[in-house]
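Secondary and tertiary structure notes
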2 protein chains.
Amino acid sequence: MSPARIEEHHSRGWIVPVGGAEEKEQDPVILRRFVEVSGGAGARIAVIPTASRLPDTGARYEKIFRQLGAHSARALPFETRADAEREDWLGILEHATGVFFTGGNQLQLSTILGGTPVAKSIRKLNARGVTVGGTSAGAAILSEHMIAFGQGGATPKAGLASLAPGFGLTNRVVIDQHFRQRDRLGRLLSVLAFNPFAVGIGLDEDTAAFLGPDDVMHVDGAGAITLVDVANLEHSSMAFAKPGQPICLTGIKLHILTKGARYNFVTREAVLPLPPPDDDD
Amino acid sequence: MSPARIEEHHSRGWIVPVGGAEEKEQDPVILRRFVEVSGGAGARIAVIPTASRLPDTGARYEKIFRQLGAHSARALPFETRADAEREDWLGILEHATGVFFTGGNQLQLSTILGGTPVAKSIRKLNARGVTVGGTSAGAAILSEHMIAFGQGGATPKAGLASLAPGFGLTNRVVIDQHFRQRDRLGRLLSVLAFNPFAVGIGLDEDTAAFLGPDDVMHVDGAGAITLVDVANLEHSSMAFAKPGQPICLTGIKLHILTKGARYNFVTREAVLPLPPPDDDD
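Below you will find a few notes about this structure. All values derive from a computational prediction rather than experimental measurement.

As for the sheet that holds strand β15 (residues 253–258) of chain B
Residues and elements named next belong to chain B.
- Strands sit in the order β8-β9-β12-β15 across an open sheet of four strands; the sheet is mixed. In this open sheet, the two strands that pair with only one neighbour each are β8 (173–176) and β15. Across the sheet, the axes of successive neighbouring strands diverge by a mean angle of 20°, strand direction being ignored.
- Pairing analysis gives four bridges linking β8 to strand β9 (residues 199–203), with the strands arranged parallel. Across the sheet, residue Ile-175 finds its bridge partner in β9, namely Ile-201.

Looking at the interface of chain B and chain A
- If you look at the interface, chain B gives 37 residues, while chain A gives 37 residues.
- Counting the surface lost from both chain B and chain A, the interface buries some 3,200 Å², and carbon and sulfur atoms represent 60% of this.
- If you sort the residues of chain B by the area they bury against chain A, Arg-81, Phe-194 and Phe-240 of chain B come out on top, with a joint share of 20%.
- Here chain B and chain A share zero salt bridges between them.
- Our count for the contact surface shared by chain B and chain A stands at 12 residue pairs in polar contact (both at pLDDT 80 or more).
- Of all the secondary structure elements, the ones that give two or more residues to the side of chain B that touches chain A are α4 (106–113), β6 (145–150), β7 (161–165), α7 (185–194) and β13 (235–236) of chain B.

Here's the deal with the relation of the copies chain B and chain A
- For the pair chain B and chain A, the relating rotation is 180°, the translation along its axis is 0.0 Å, and the fit reaches an RMSD of 0.0 Å. The superposition of one copy onto the other is thereby described by a two-fold rotation axis.
- Looking at the interface residues of chain B, 100% of them are also at the interface in chain A, so both copies use one shared face.

Here we look at the pattern of salt bridges
- The tally for this structure, following the rule as stated, stands at 25 salt bridges over all chains.
- Note that Arg-66 of chain B and Glu-62 of chain B form a salt bridge whose closest N and O atoms lie 4.0 Å from each other. You can see Arg-66 of chain B and its partner Glu-62 of chain B sitting in helix α2 (residues 57–67), four residues apart, about one turn around the helix.
- Given a relative accessible area of 45%, Arg-66 of chain B falls into the partly exposed group.
- By relative accessible area, which is 15% here, Glu-62 of chain B ends up buried.
- The partner of Arg-172 of chain B in a salt bridge is Asp-215 of chain B, with the nearest N and O atoms 3.2 Å apart. You can see Arg-172 of chain B sitting in the loop between β7 and β8 and its partner Asp-215 of chain B sitting in the loop between β10 (207–211) and β11 (216–221), a full 43 residues away along the chain.
- The exposure class assigned to Asp-215 of chain B is partly exposed, which follows from its relative accessible area of 27%.
- A single salt-bridge network, built from bridges that share partners, covers Arg-33, Asp-220 and Lys-259 of chain A.

Some points on the packing of helix α3 (residues 87–94) of chain B against helix α5 (residues 117–127) of chain B
All names here are of chain B.
- At a minimum axis distance of 10 Å, the contact between α3 and α5 shows a crossing angle of 10°. Classified by the interaxial angle, the pair formed by α3 and α5 is roughly parallel. Seen along the crossing, α3 lies across α5 with a hand that is right-handed. Contact residues: Leu-90, Leu-93 and Glu-94 in α3; Pro-117, Val-118, Ser-121, Ile-122 and Leu-125 in α5.
- Looking at the contact of α3 with α5, its residues break down into six nonpolar, one polar and one charged.

What counts, and at which threshold
Residues numbered from 1 in each chain as written. Chains lettered and ligands numbered in written order. Predicted model: local features only at pLDDT ≥ 70, side-chain atom pairs only at ≥ 80, totals over all residues. Heavy atoms only, no water. Pairing = 2+ DSSP bridges. Helix = DSSP H or I, 4+ residues; strand = E, 2+ residues; numbered from the N terminus. Axes fitted to C-alpha atoms, helices over the stretch in contact; angles between N-to-C directions. Contact = heavy atoms within 4.5 Å. Buried area = accessible area lost by both parts, 1.4 Å probe. Salt bridge = Lys/Arg side-chain N within 4 Å of Asp/Glu carboxyl O. Polar contact = N/O pair within 3.5 Å; in protein donor to acceptor, adjacent residues only side chain to side chain. Least-squares fit on C-alpha atoms with pLDDT ≥ 70 in both. Buried < 20%, exposed > 50% of the residue type's maximum accessible area, 1.4 Å probe, protein only. Parallel < 35°, antiparallel > 145°, perpendicular 65-115°, else oblique. Left-handed = near helix turned anticlockwise from the far one by under 90°. Nonpolar A, V, L, I, M, F, W, Y, C, P; charged D, E, K, R; others polar.

In structure tokens:
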């Protein structure tokens, strides 16, 4: 699906993919900022742990978001497609100021929630200003086209990764996570090679993209975002590559963006972070 | 990509996927109707033969559309991503009342035209009333999520088919073609199992779906359309299926629709064709 139309007198909410394994104990920079863009002390956060098979994932994030100062945090553990029709949980979702998908398996999210009132509601919430984010599988699900599964390696090859429809909060990007940790440049390039209309963002662990209502992305966290811009791609051999064959791609533009950097999706320009202040000497 | 926003005082144009191998000589029912919904005697048809590797595909359709009474038909043989920036061809496209993609390889279309001014222009044309259709590969490319390639067989299995981003004229459907001829129910079910938000339409050869501006689909041609509605899917096991394993899916609704039948995508109801008149006895 594609993004819901923005209602009059509203602007789109933040979209916050996180690369997985974000710091939760010492100095949870990313999760704290998530609470801030969800309303700070007034934030009501709905946690959706559907991707995870661990029974305590929802409760763990409830606790963290409350400790970080959210007004409330409530896990909605949708486990079946029938759960996705529950009026009580849909009511809680409807009043959230932030929605957070935990990690796990992104196909759990799409198979259980795809096409249900939950997925529709989240698109509408974001279109009227509510922040929606997620980590790992919860990051992958946010875009229109998501990587369902694939293999590691730096060289793009035919068949290296499979796409599936995500929840479609944005169609500007295809997201990949655990990016350097699992050597995923090849699989991100492989899926962009199908149809070079989207920008690829590869998120390292403990790293987040805060996509603002103005289509500017702010980078935060300990790692980097590898941004792959194929707007000026000259050639892709994907159409005739056999499974496992490397793909010929020319004209790729790459940015490696770290904390404080921004990227404007309208102008397709990166804005660098300010240099650190001079040492006092 | 997703459909362009419809401009004020306009309605969306027809979207016409054809299942391949449509009749071209004796009684070309489908291509004749394509000319009609493109403006009849005033139709200016742009033929895009990019999916095909045969040099005469464009010229062949030019001739057919002129014989069927179109005012003009002009092939625009984009072969490279640089071609997709040619001002002269973009100018012809901009004044078309109908755009037709020939068959071939749908990844040729997405890799050469994806993200270029051609793909953007076609989405905008359709949003202001211009008819856009195509046959075989040219049908697959029309939707937001397209089947890039896959294997035949009736049972849905993990890994049976791969998705890629199409041109996104509609996000209501995933299209498959040569449907009964190549036994493709399994692969269509496999891709719907990822995220059950779209309706699957499997087009037999010489069979077309005329998707109207009012979201009603009209069936025409010699074969049938297999319509797969997963709105009430109860369960999909895709999240944990291993490659080659069959997928468990419950609650699928199926319609087999033939010439004269209609399907309303808003109400999700089929309207049957009128019965043939009684024999005179």
